[in-house]
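Here's the letter readout for the chains.
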Amino acid sequence: MERKVIIAGNWKMNKTAAAGKELVEALKPLVADVTEAEIVVCPPFTTLNAVVAAAAGSNIKVGAQNVHWAENGAFTGEISAEMLVTSGVEYVIIGHSERRQYFGETDATVNARMKAALKAGLKVIVCVGETLEEREGNKTSEVIGRQIKEGFEGIAAADMANVIVAYEPVWAIGTGKTATPEMAEETHKFIRETVSAIFGGDVAGALRIQYGGSMKPENARELVAQADIDGGLIGGAALKADSFAKLITEAIGR
Ligand code: PEP
């Protein structure tokens, strides 16, 4: 099954509108000839409009970092799927470990956000991953199996075409520690098998699974060369145009 590589940059709480525009303007010429990978940047909410405008007409797509599950209403500080779509946003990250760790995100809220985002026509990047304690306690499969089963509860198989999973071992995020390609591949394979058991082999075969956790230009090639690793969700290395562009070209094996 041919799956197009997808590399997404998660800017987290970095970059004002002006700085985001500057990054995208610098990135555009560096990746203009990349057709082998889908490229996505995910700025903070207040930077989305500037980045959508800067990326217009290029091969860089734009995603948000979160979305609320309600269509509208009394949810101070939240952003709806419709607000994102009408701002020109195509993707949204859901369930990042930092949201699970600091903002009370659960598999149930991931599920509710996914449903709202998919209904509005967004493509979702759903993050799963184990903590160091869970890995050391041999609970990786149990945790990720639960995150997928509960997070994906009631999602229609047809909607899975708009779902990307990001496997991000929590102990590898922003720490400089990367899972070895073999270690990551083992978990990616498990994720595909879990999705296959729920949605069937065709959906699982078409599903793109990104690796995230200290991915950088130096290790992207080897990671994405693994059979079940279809790209990356990138934090630190996505904050500079040259490192992000280099990572992209390494990931597609140039
Ligand atoms: C992330 O936050 O999604 C991430 C993978 O961060 P980093 O690349 O900095 O480890």
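Preceding this paragraph is the structure being described.
Residues numbered from 1 in each chain as written. Predicted model: local features only at pLDDT ≥ 70, side-chain atom pairs only at ≥ 80, totals over all residues. Heavy atoms only, no water.

Here we take up the side chain of Gln226. By the secondary structure assignment, Gln226 is in the loop between helix H10 (217-224) and strand E8 (231-234). In terms of polar contacts, Gln226 uses its side chain to reach the backbone carbonyl oxygen of Glu222, at 3.3 Å. Those residues in contact with Gln226, other than ones at most four positions away along the chain, are Pro181 and Glu185. (Helix = DSSP H or I, 4+ residues; strand = E, 2+ residues; numbered from the N terminus. Polar contact = N/O pair within 3.5 Å; in protein donor to acceptor, adjacent residues only side chain to side chain. Contact = heavy atoms within 4.5 Å.)

Taken together, 14 residues lie near the ligand, and Lys12, His96, Glu168, Gly174 and Ser214 sit nearest. A distance of 2.5 Å separates an oxygen atom of the ligand from a polar side-chain atom of Lys12. Separating an oxygen atom of the ligand from a backbone N or O atom of Gly235 is a distance of 2.8 Å. Taken by itself the ligand offers 290 Å² of open surface, and the protein chains cover 95% of this. Looking at the shell around the ligand residue by residue, the class counts come to 4 nonpolar, 8 polar and 2 charged. (Near = heavy atom within 4 Å. Areas by Shrake-Rupley, 256 points an atom, 1.4 Å probe, with all protein chains shown as cover. Nonpolar A, V, L, I, M, F, W, Y, C, P; charged D, E, K, R; others polar.)

To continue, consider helix H5 (residues 107-119). With 13 residues, H5 extends 18 Å between its outermost C-alpha atoms, agreeing within 8% with the 18 Å of an ideal straight helix rising 1.5 Å per residue. Among all positions in H5, only Asp107, Thr109, Val110, Asn111, Arg113, Met114, Ala116, Ala117 and Leu118 are buried. Positioned one or two residues after H5, Gly121 has a phi angle of 95°, which is positive. (Expected span 1.5 Å × (residues − 1). Buried < 20%, exposed > 50% of the residue type's maximum accessible area, 1.4 Å probe, protein only.)

For the structure on display, the rule yields 3 aromatic pairs. The interplanar angle of 80° and the centroid separation of 6.4 Å between the aromatic rings of Tyr102 and Phe103 together place this pair among those described as edge-to-face. Across the pair, Phe103 and Tyr102 agree in class, each one exposed. (Phe/Tyr/Trp six-rings, centres within 6.5 Å; stacked < 30°, edge-to-face > 60°.)

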